[in-house]
Amino acid sequence: MFKKILVANRGEIACRVMRTAKAMGIKTVAVYSDADARAPHVLMADESVRLGPAPAAESYLKAELILLAAKETGADCIHPGYGFLSERESFALACAEAGIAFVGPPPKAIAAMGDKIESKKLAKAAGVNVVPGYLGEIDSTDHAVEIAGGIGYPVMMKASAGGGGKGMRLAYSEQDVREGFEATKREGLASFGDDRVFIEKFIESPRHIEIQLIGDQHGNIVYLNERECSIQRRHQKVVEEAPSPFVTPKMRKAMGEQAVALAQAVGYYSAGTVELIVSGADTTGEGFYFLEMNTRLQVEHPVTEEITGLDLVELMIRVAAGEPLGFTQDEVKLNGWSIENRVYAEDPYRGFLPSIGRLVRYNPPETSPLPQAGGAGGGHALSSTANVAFNDSASPPPSPLPLAGGGAEESRVRVDDGVREGGEVSMFYDPMIAKLITWAPTRDGAIAAQIAALDAFELEGPGNNIDFLSAIMQHPRFQSGALTTGFIAEEYPEGFHGAPADAALLKTLAAVAAFAATAEADRARRIDGQLGKRLRPPADWSVTIDKTDHVVTVSTDGITVDSEDLDLALEYTPGDRMVVADGHGEDGDEHLTIRIAKARAGFKLTTRGASHVARVLPARVAPYTAHLIEKVAPDLSKFLICPMPGLLVRLDVAAGDRVEAGQPLAVVEAMKMENILRAEKTGTVKSVAAKTGDSLAVDQVILELD
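None of the values given here were measured: they were computed from a predicted structure.

Asker: Which residues make up a negative patch on the surface, and what values do they have?
Answerer: Negative charge collects at one region of the surface, where E137, D139, E182 and D195 lie side by side. Assignment of secondary structure puts E182 in helix α8 (residues 174-192).

Asker: Explain the pattern of salt bridges to me, and be specific about the residues and the numbers.
Answerer: Summed over all chains, the structure comprises 54 salt bridges. The residue E306 makes a salt bridge to R412 at a minimum N-O spacing of 3.1 Å. One end of the pair, E306, is in helix α10 (residues 301-308); the other, R412, is in strand β20 (residues 412-417), and 106 residues separate them in sequence. By the burial criterion, E306 is buried, and R412 matches it. Across the pair D652 and R650 runs a salt bridge whose closest N-O atoms are separated by 2.7 Å. What makes D652 partly exposed here is its relative accessible area of 33%.

Asker: An account of a nonpolar patch on the surface is needed here, citing residue identities and associated values.
Answerer: A cluster of nonpolar residues, I356, M427 and F428, forms a patch on the protein surface that exposes about 230 Å² of accessible area. Considering the arrangement of structural elements, one finds I356 in the loop between β17 (353-354) and β18 (357-358).

Asker: Explain the sheet that holds strand β22 (residues 432-440) to me, and be specific about the residues and the numbers.
Answerer: Backbone-to-backbone hydrogen bonds join strands into a sheet, with any given pair of strands oriented parallel or antiparallel. On the basis of which strands lie adjacent, the open sheet formed by eight strands has the order β14-β13-β10-β11-β12-β15-β22-β20 and antiparallel pairing. One side of each edge strand has no neighbouring strand; the edge strands of this open sheet are β14 (288-294) and β20. Direction aside, neighbouring strands of the sheet carry axes that sit 25 degrees apart on average. Where β20 lies against β22, six bridges are found, and the strand directions are antiparallel. Across the sheet, R412 pairs through a bridge with W439, a residue of β22. Sheet strands in contact with helix α9 (residues 249-265) are β10 (206-215), β11 (221-233), β13 (270-279) and β14, and its direction is about 110 degrees off that of β11.

Asker: Talk me through the nonpolar core; I want residue IDs and the actual numbers.
Answerer: Membership of the largest hydrophobic core comes to 38 residues, with the highest contact counts inside it found for I231, V239, I433, M473 and F478. Within the residue set of this core, elements represented by two or more residues are β12 (236-242), β15 (337-344), β20, β22, α12 (443-455), α13 (466-474) and α15 (487-491). Take this core: its biggest share by element is six residues, from α13. M473 has contacts with V239, I339, N341, I447, Q450, I451, L454, F478 and Q479, leaving out every residue within four places of it along the chain.

Asker: Describe the packing of helix α1 (residues 11-23) against helix α11 (residues 312-320), and please don't skip the residues or the numbers.
Answerer: Where α1 meets α11, the closest approach of the two axes is 9 Å, and the angle between their N-to-C directions is 65 degrees. Classed by the angle they form, the pair α1 and α11 counts as roughly perpendicular. As α1 packs across α11, the resulting crossing turns out to be right-handed. Here R16, V17 and T20 of α1 lie close against α11, whose contacting residues are V313, E314 and I317. Taken together, the residues of the contact of α1 with α11 sort by class into three nonpolar, one polar and two charged.

Asker: Lay out the environment of I211 with the relevant residues and their values.
Answerer: With respect to the secondary-structure elements, I211 resides in strand β10. Given the relative accessible area of 0%, I211 is considered buried. Separated by 55 residues in the primary sequence, I211 and V266 have C-alpha atoms spaced 16 Å apart. Other than its neighbours up to four places away in sequence, I211 contacts Y223, N225, E226, M255, G256, A259, G272, T273, V274 and L276.

Asker: Can you tell me about the side chain of R412, naming the residues and giving the values?
Answerer: Residue class for R412 comes out buried when judged on its relative accessible area of 5%. At a separation of 3.1 Å, a polar atom in the side chain of R412 contacts the side chain of E306.

Asker: Summarise the sheet that holds strand β34 (residues 658-659); cite the residues concerned and give the values.
Answerer: In space, the four strands of this open sheet follow the order β32-β39-β37-β34, with antiparallel pairing throughout. One side of each edge strand has no neighbouring strand; the edge strands of this open sheet are β32 (639-641) and β34. As judged from the three bridges shared by β32 and strand β39 (residues 701-705), these two strands associate in the antiparallel manner. Among the inter-strand pairings, F639 is bridged to a residue of β39, identified as E704.

Asker: Report on the pairing of strand β37 (residues 683-688), specifying residues and quantitative values.
Answerer: Note that β34 and β37 share two bridges and pair antiparallel. Looking at β37, one finds that R658 is bridged to T684. Where β37 and β39 come together, three bridges link them in antiparallel fashion. Residue pairing for β39: V688 is matched across the bridge by L703.

Asker: Mind laying out unusual backbone geometry, listing which residues take part and the relevant values?
Answerer: A cis amide bond links Y153 to the next residue, P154, at an omega of 0 degrees. Structurally, the position occupied by P154 is in the loop between α7 (141-151) and β7 (155-163). Geometrically, the link from A242 to P243 is a cis peptide bond, its omega value of -5 degrees lying close to zero. Locating P243 in the fold gives a position in the loop between β12 and α9. In this structure, N225 takes a positive phi of about 70 degrees despite not being glycine. If you trace the backbone, N225 turns up in strand β11. For F352, which is not a glycine, the phi torsion comes out positive at approximately 65 degrees. Here F352 shows up in the loop between β16 (346-347) and β17.

Calculation notes
- Residues numbered from 1 in each chain as written.
- Predicted model: local features only at pLDDT ≥ 70, side-chain atom pairs only at ≥ 80, totals over all residues.
- Heavy atoms only, no water.
- Patch = residues over 30% accessible without salt bridge, like charges linked within 9 Å, V, L, I, M, F, W, Y side chains within 5 Å.
- Areas by Shrake-Rupley, 256 points an atom, 1.4 Å probe, with all protein chains shown as cover.
- Salt bridge = Lys/Arg side-chain N within 4 Å of Asp/Glu carboxyl O.
- Lys, Arg positive; Asp, Glu negative; His and termini not counted.
- Charge placed at Lys NZ, Arg CZ, Asp CG, Glu CD.
- Helix = DSSP H or I, 4+ residues; strand = E, 2+ residues; numbered from the N terminus.
- Buried < 20%, exposed > 50% of the residue type's maximum accessible area, 1.4 Å probe, protein only.
- Pairing = 2+ DSSP bridges.
- Axes fitted to C-alpha atoms, helices over the stretch in contact; angles between N-to-C directions.
- Contact = heavy atoms within 4.5 Å.
- Core = buried A, V, L, I, M, F, W, Y, C linked by side-chain atoms within 4.5 Å.
- Parallel < 35°, antiparallel > 145°, perpendicular 65-115°, else oblique.
- Left-handed = near helix turned anticlockwise from the far one by under 90°.
- Nonpolar A, V, L, I, M, F, W, Y, C, P; charged D, E, K, R; others polar.
- Polar contact = N/O pair within 3.5 Å; in protein donor to acceptor, adjacent residues only side chain to side chain.

Take a look at the structure:
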């Protein structure tokens, strides 16, 4: 077994790998850029080595510096994590030449599957279903238009070396191809150093389902069930779950066997994933097609770990050390249901624009301890925070075991992250902050656990998508399992404005707001040095939430809202950030967690996927608000304002140019993605305040129209 492992990555995956390595008795080495000098993965490691400046091209993508760090620290293996160098054949070859084990697949498998065009040819030859498309060289935009027309719209344009949702464009018309082809080439070149693009038929009503593989160097390959990753935005996965609500045992077996056949055809070993596009309209279970193979560990691997009881990182390390798997396909278990939500630094209320900045507050929900599975000698089960509970490195390879110790009915929560309160979310790297994973015996239970955990997730500073994730979990269509990759676009065509709240929830929030106002008033009356007698806090309040007025009475006998008694158990002390309302719901058995913050004339209450500003006034004062003058917001439609921090990579107009509503005016690159900014109205460019190459702040004016 290895003595020291260098993790050639950052953030949560670096922490994830190190937890397993430490549990196996393997020393750890971190590498870091200047932006990550005090990051959690650096502090967690036994040793750390600086690579260079913040941009990935000058640090985490410098293979020669990482190999030098491994040699200087005496690391005998390198785990690449995902992204960065994890799927670079040249890096795996360089590790082999340096005599350092690469914790991943052989270079030839990376090369075979890393090229999206060649991989489809190999998949077809191996007997795997493939989507109709054009796999040859595309010479120009006109050539791309010709090909797309021949295949039939809609089509998907993909960078050949792409991945992670980057370098992909969906085209429904010739205009879409002309607008998107060059952008796809640029993204492919910028992110992967390869501007080749291929075009294939887009399967309508598609589901994105993938098969997790694990193989050793002795020719053993098994599939570890499937994951459904259909909830995506701009082809970036947002929610993943295992198993899929769509897949039958027969379909699982067929997909798994094809995935194994492909892996065997390229001599694959380690932990990899075969991604499939599945027709949701085909109930025969035969409408699945090869999409791509990711030869590295996937971001969403925890849900597979949760339902199988296997630590994929440990298996990768053992396979790299030459050990056999130690179990067969028939021994792979499928226990319960697991869901993962990706918590991103992005603002869903502003079109999901990227967000950066300091984590002013970061307090994830409490994780659940995992009972040891199995009998004597302990089990090979994961803990809720990805801290592994294995025996020492001399122990036999792990076997699939029931995760909940033989059928426990309670759900559990796991958080995989690599950030801490006070840290920075940087513009240089992926915007993911954490992964929130839940497990339960049933899908409904895993969803309920997600909703409760998201309510309890405190995150302040950069914008985040916690409300949006909660809204998805509560959505009837998601809960029914009727998913497609178009779910977000179809269900939120006008953008996200918060999850809808029913009348019962709004009444509970009104009660909480009035109760908190009473507590604040009670504390205020106890301040020493006040003139006259101490006033009693008001008992009657007027609470306005979502433009609806509620009459609330708070007394020692309880709380009434609009003359209805609410049987709630509440506790609030001024300054509290959380309130738990026991007794919410039709049956009065729900525990509703509410994040609470003081706002002007009231409170901001966040729960169940939305923030609600409650204006709370004493009942005798509220009528006078009718006489206040309403402030009119200024008209900003004549300005093109940068919606996120980023780099201005293209400016399409100059002063004096005539523009039409919807016309592209500029392109801003943020978080490694290009964002096209369009004119809100027709007009003439009066002035231009920025130039190509400028780094722009959020809300910075780029140009003004007459």
